[in-house]
Amino acid sequence: MTPEAWTVVGTGVVILIAIATSNRQLRGEMNGLRDEMNRVHAEIGRLRERMAKLEGLLEGLREAITGRKVA
């Protein structure tokens with residue numbers, strides 16, 4: 001093979017290695033992002049529960065102050 005052919009083959013190998021490496025890094029970042037999104041969803045669920053509890057407490061306080069039942 002001529003030196004030019006080896007250069008083309010070598011360049012192709014380097015490009016393939018670069019593509020494989022960037023895909024591996026991207027997959028790792030996506031897994032990290034997915035984990036972070038799951039944590040955020042879980043935290044939102046906990047916040048909803050806490051807000052519902054506060055709404056109930058405020059409703060009871062309103063009833064105690066006004067003497068009326070809230071529908």
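This text follows the structure it describes.
Residues numbered from 1 in each chain as written. Predicted model: local features only at pLDDT ≥ 70, side-chain atom pairs only at ≥ 80, totals over all residues. Heavy atoms only, no water.

Asker: Please clarify how the pattern of salt bridges should be interpreted in this entry.
Answerer: Pairing between side chains becomes possible if they bear opposite charge and their charged atoms approach one another. In this structure the tally under the stated criterion is two salt bridges. Measuring nitrogen to oxygen at the nearest pair gives 2.7 Å for the salt bridge that ties R39 to E36. Of the two residues, R39 and E36 both sit in helix 1 (residues 3-66), three residues apart, roughly one turn of that helix. Judged by relative accessible area, which is 39%, E36 ranks as partly exposed. Its salt-bridge partner being E43, residue R46 comes within 2.8 Å of it at the nearest N-O pair. Linking R46 with E43, this pair stays in helix 1, spanning three residues, or about one helical turn. (Salt bridge = Lys/Arg side-chain N within 4 Å of Asp/Glu carboxyl O. Helix = DSSP H or I, 4+ residues; strand = E, 2+ residues; numbered from the N terminus. Buried < 20%, exposed > 50% of the residue type's maximum accessible area, 1.4 Å probe, protein only.)

Asker: How do you make sense of the environment of R68 when you look at a structure like this?
Answerer: Tracing the sequence through the fold places R68 in the segment after helix 1. With a relative accessible area of 61%, R68 lands in the exposed category. The spacing of R68 and W6 is 62 residues in sequence and 89 Å in space, taken between C-alpha atoms.

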